[in-house]
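The primary structure of each chain is shown beneath.
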Number of protein chains: 2
Amino acid sequence: MDNSQRIVTIKDIAQELKLSVSTVSRALRDSAEIKLETKMLVKEVAARLHYTPNPIALSLKEKRSKIIGVIVPEIANNFSSNTIAGIEDIAYKKGYHVLIFQSHEKYEREKENVQLLVSRRIDGLIISLANETQCYDHLTDTIDKNIPLVMFDRVCHSINAHKVITNDYFGAYNGVEHLIQQGYHNIALITLPLNLSITQNRLNGYKDAMKKYNLPVRDEWIIHSPIDVVCSEMTIRRILESDNRPDAIFISAERLNIICIKVIKEMGLRIPEDIAIAGFSDNPITPYLAPALTSVKQPTFNVGQKAAELIIELIENNNTTTQYRTIQLDTALDIQASSRRRQ
Amino acid sequence: MDNSQRIVTIKDIAQELKLSVSTVSRALRDSAEIKLETKMLVKEVAARLHYTPNPIALSLKEKRSKIIGVIVPEIANNFSSNTIAGIEDIAYKKGYHVLIFQSHEKYEREKENVQLLVSRRIDGLIISLANETQCYDHLTDTIDKNIPLVMFDRVCHSINAHKVITNDYFGAYNGVEHLIQQGYHNIALITLPLNLSITQNRLNGYKDAMKKYNLPVRDEWIIHSPIDVVCSEMTIRRILESDNRPDAIFISAERLNIICIKVIKEMGLRIPEDIAIAGFSDNPITPYLAPALTSVKQPTFNVGQKAAELIIELIENNNTTTQYRTIQLDTALDIQASSRRRQ
């Protein structure tokens, strides 16, 4: 079959019925000017030919595509997938569809994704930034085009948009304070690149907890882990092999937990006897790890729901707002064996 | 700003430059009929006004949207997210974009997703079926519209399409045979609804392994777990509380592993002393569970790559093919402590 035959248009229906295109179009729209029999005839032929209305024509009429674009760094982690589930929950209830794209932590991919979504006439964009992103023109462009924008988790404070974040500062502060209270005083931090908003907040939480207990904050114990897994493993191994080994590690990102546990076990170290750990994780599997992992839990589903509510509110108010809001949701500390009190 | 102003069209550029729409259109297309200066002027204004070409107009010209639609039951599991990563890997290299939708295991959502993707003029559809799906009209409709279709993992054999699957039969057979060889003879199977292709194949693998060793296959030990987590927990608990408790469970789906481990631990049973387990899982965390989980690993990234290669081949050959293929990739058994030899 020729590819050009695949899209059935109003013209095909008109030809088949020897009616004008305008009559068919009005019949499909249920216009009062068209007789009932004609409408039924047109709809019958439309169904038989598998006619689907052109979404652009529809959205020009309705001025909305009913599509929300979502860009996340990677869907293959619990934070992203739970957030997306929350976004879809609200969107579905309000009659919107969600298109999901991944930036794979690359600025160029993120920019391409934004451009593609914009060219697909999405009604609004929800985004969590890539590791690499340090230039925000693609987002200011979106705002200039008057497309509603909501940022979540990894946000950029200089951009005028609603933001949904969790209390990353207190998440890290509470986790590190817990390790200190369990008897660990030489605590390293493994975290993501510094340009990410979440990294800055979690780093500040770590530093403030250490300072509160008069513990030294050593630069060599703050590791900004690279994206590459092998490089991440090397940096963790290096700190654990040093003469001056920390007695605990606070892991500031979900994907680093398993890397950290792998390196510790490969080196034959015991958790928590040789090295205690606690980390951000939304994985429900943490209580079943060996040992069970103490973790900072974020209300991810709720983050997604809030982001969807905000974007739909913007869309339905034609992107007018009196002021941009930042909604901050609380984290919770789930204490398990990986941070058992030091003997 | 009024919402109607948000889309800049060729007409806006024409008005601004006091040129005809046709001149602007030809200038943007680099037509030889238009003077270089005019072209430069038009492109300058197009850039300043943030003009983006209408994707439908473009795809009517190119006859392709360069978009591949992907529908999975849930992205929040390793099978789906790794497969999507594989699809994106190939698609990106070949200049295609990937739109990801979730059916949430519901037939109605899946059908809606298909209709929406078709109305967005995707070039091709890659799908893994929802738990609930037992009617395939939405897929035959897609085929009737001459939109290339590739199915993966949960496929429907009666549909004429390329399929990419893993060797589910041998995955289950090998896993169950391993449990038998470790000294477990009363093995229950926890699996998904029977209408899914993967369930049938894995169930056959389980039955054949049991028969090979002359072990009885008991109907009450074959559990088709419901989607709901609480119901799943109840069915597992029921079998473990029965007088006639199995000594091992083969878990035939990733999402059931954690549910199973949770119930076993809540009941105070030890793995593998009281009950051995092995299951399908693509989660890299399995070696770090307590105890480490013996698992059937599927080449998920590769499944995604193959599915993308097949759909792009179909798209670029205008959906003509001499015969539909089913590509079957091998699984591997990762032996860990959860199936340690019975003492």
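Residues numbered from 1 in each chain as written. Chains lettered and ligands numbered in written order. Predicted model: local features only at pLDDT ≥ 70, side-chain atom pairs only at ≥ 80, totals over all residues. Heavy atoms only, no water.

**Observations concerning the overall build of chain A**
Applied cut-off: Put simply, DSSP marks the helices as runs of H or I at least four residues long and the strands as runs of E at least two long, and each gets a number from the N terminus on. Radius of gyration means the value over C-alpha atoms here, while the globule rule gives 2.2 Å times the residue count to the 0.38 power. Accessible area is worked out with a 1.4 Å probe on protein chains only. A residue is then buried under 20% of its type maximum, exposed over 50%, and partly exposed in between. Contacts are assigned to residue pairs with any non-hydrogen atoms lying within 4.5 Å of each other. Method for areas: the Shrake-Rupley scheme with a 1.4 Å probe, in which residue coverage is limited to the protein chains shown. Counting rule for charge: Lys and Arg are taken as positive, Asp and Glu as negative, and neither His nor the chain ends is counted. To locate a charge, take atom NZ for lysine, CZ for arginine, CG for aspartate or CD for glutamate.
Scanning chain A from terminus to terminus reveals 12 helices and 12 strands. Compactness check: chain A gives a C-alpha radius of gyration of 26 Å against a globular reference of 20 Å for 343 residues, more than 25% above the reference. A principal-axis box enclosing the C-alpha atoms of chain A has dimensions of 90 × 45 × 30 Å. When each of the 343 residues of chain A is scored for burial, the buried share is 57%. At a minimum sequence separation of 6, the contacts of chain A that also span at least 24 residues come to 72%. Just so you have it, chain A exposes about 14400 Å², and 49% of that area is on carbon and sulfur atoms. Within chain A, one finds 41 positive and 41 negative side-chain charges whose respective centroids are separated by 4 Å.

**Digging into the sheet that holds strand β7 (residues 222–224) of chain A**
Residue and element names in this part refer to chain A. Short version of the rule: Only strands joined by at least two bridges in the DSSP assignment are considered to pair. Note on geometry: axes are lines fitted to C-alpha atoms, helical ones only across the stretch in contact, with angles between N-to-C directions running from 0 to 180 degrees.
Sheet architecture is open: 6 strands sit in the order β7-β6-β8-β9-β10-β12, paired in mixed fashion. The sheet is open, and its two edges are formed by β7 and β12 (332–334), each paired on a single side. Looking at each pair of strands side by side, their axes are set apart by 15° on average, direction ignored. As paired elements, strand β10 (residues 294–297) and β12 share 3 bridges and run antiparallel to each other. From the neighbouring strand, Lys297 faces β12, where its bridge partner is Ala332. Sheet strands in contact with helix α11 (residues 254–266) are β6 (187–191), β8 (248–251) and β9 (276–280), and its direction is about 160° off that of β9.

**A short note on the sheet that holds strand β9 (residues 276–280) of chain B**
Residue and element names in this part refer to chain B. As summarised here, the arrangement of the 6 strands in space is β7-β6-β8-β9-β10-β12, forming an open sheet in which the pairing is mixed. Of all the strands in the sheet, the pair left with one neighbour each is β7 (222–224) and β12 (332–334). Averaged over all pairs of adjacent strands, the angle between their axes in this sheet comes to 15°, without regard to strand direction. Alignment of strand β6 (residues 187–191) against strand β8 (residues 248–251), held across 4 bridges, turns out to be parallel. Opposite Ile190, over in β8, you have Ile251 as the bridge partner. Along the sheet, helix α9 (residues 197–212) contacts β6, β7 and β9; its crossing angle with β6, the most-contacted strand, is approximately 175°.

**Some details on the nonpolar core**
Spelled out, the test is: Put simply, a nonpolar core is a bunch of buried Ala, Val, Leu, Ile, Met, Phe, Trp, Tyr and Cys residues held in one set by side-chain atoms that sit within 4.5 Å of each other.
Ile187(A), Phe250(A), Ile187(B) and Phe250(B) are the most contacted members of the largest nonpolar core, which totals 95 residues. Looking at which element gives the most residues to this core, the answer is helix α11 (residues 254–266) of chain B, with 7 residues. Grouped together as the second largest cluster of nonpolar side chains are 52 residues, Ile100(A), Val72(B), Tyr96(B) and Leu314(B) included.

**Things to note about the side chain of Ser295(A)**
All names here are of chain A. Put simply, the rule is: Polar contact criterion, stated in full: a pair of N or O atoms within 3.5 Å, where within protein one must be able to donate a hydrogen and the other to accept it, and residues adjacent in sequence count only if both atoms are side-chain atoms.
Checked against the element boundaries, Ser295 lands in strand β10. Assessed through its relative accessible area of 0%, Ser295 is described here as buried. Within the structure, the side chain of Ser295 is placed 3.3 Å from the side chain of Lys297, a separation counted as a polar contact. Ignoring sequence-local partners within four residues, the contact set of Ser295 consists of Gly279, Ser281, Thr286, Ala332, Leu333 and Asp334.

**As for the environment of Ile75(B)**
Following the sequence through the fold, Ile75(B) ends up in the loop between β1 (67–72) and α5 (78–93). The sequence separation of Ile75(B) and Gln102(B) amounts to 27 residues, and the corresponding C-alpha distance is 6.8 Å. Those residues in contact with Ile75(B), other than ones at most four positions away along the chain, are Ile75(A), Ser81(A), Ile84(A), Ser80(B), Ser81(B), Ile84(B), Ile100(B) and Gln102(B).

**Looking at unusual backbone geometry**
In terms of backbone geometry, most residues other than glycine have negative phi values and most peptide bonds are trans. Omega for the bond connecting Ile271(A) with Pro272(A) falls within 30 degrees of zero, at 0°, which places this linkage in the cis form. Within the secondary structure, Pro272(A) is located in the loop between α11 and β9. Positive phi is not limited to glycine here, since Glu105(B) has a value of about 65°. One non-glycine residue with positive phi stands out, namely Asn214(B), at about 55°. You can see Asn214(B) is positioned in the loop between α9 and β7. In this structure Asn214(B) comes out as exposed when scored by relative accessible area, which is 70%.

**Some thoughts on the environment of Phe250(B)**
Of note, Phe250(B) is situated in strand β8. Spatially, the C-alpha atom of Phe250(B) lies 8.6 Å from that of Ala276(B), the residues being 26 residues apart in sequence.

**So, the pattern of salt bridges**
Residues and elements named next belong to chain A. Put simply, the test is: A pair is scored as a salt bridge if a Lys or Arg side-chain nitrogen falls within 4 Å of a carboxyl oxygen belonging to Asp or Glu.
Within the structure shown, the criterion is met by 32 salt bridges over all chains. A salt bridge links Lys212 to Glu177; its shortest N-O distance comes to 3.0 Å. Of the two residues, Lys212 is situated in helix α9 (residues 197–212) and Glu177 in helix α8 (residues 168–181); the sequence distance between them amounts to 35 residues. By relative accessible area, which is 13% here, Glu177 ends up buried. Between Arg270 and Asp274 there is a salt bridge whose closest N-O contact spans 3.0 Å. Of the residues examined, Arg270 reaches a relative accessible area of 47% and is grouped as partly exposed.

**Some words on the packing of helix α1 (residues 10–17) of chain A against helix α2 (residues 21–28) of chain A**
Residues and elements named next belong to chain A. Quick note on the threshold: The cut-offs work like this: below 35 degrees is roughly parallel, past 145 is roughly antiparallel, 65 to 115 is roughly perpendicular, and the gaps in between are oblique. By definition, turning the near helix anticlockwise from the far helix through less than a right angle yields a left-handed crossing, and turning it clockwise yields a right-handed one. We call Asp, Glu, Lys and Arg charged. Ala, Val, Leu, Ile, Met, Phe, Trp, Tyr, Cys and Pro are nonpolar, and the rest, Gly among them, are polar.
Interhelical geometry of α1 versus α2 gives an angle of 110° and a closest axis separation of 8 Å. The angle between α1 and α2 places the two elements in the roughly perpendicular class. In the crossing of α1 with α2, the sense of the turn from one axis to the other is right-handed. Of the residues in α2, those in contact with Ile10, Lys11, Ile13 and Ala14 of α1 are Val21, Val24, Ser25 and Leu28. Tallied by class, residues from the contact of α1 with α2 come to 6 nonpolar, 1 polar and 1 charged.

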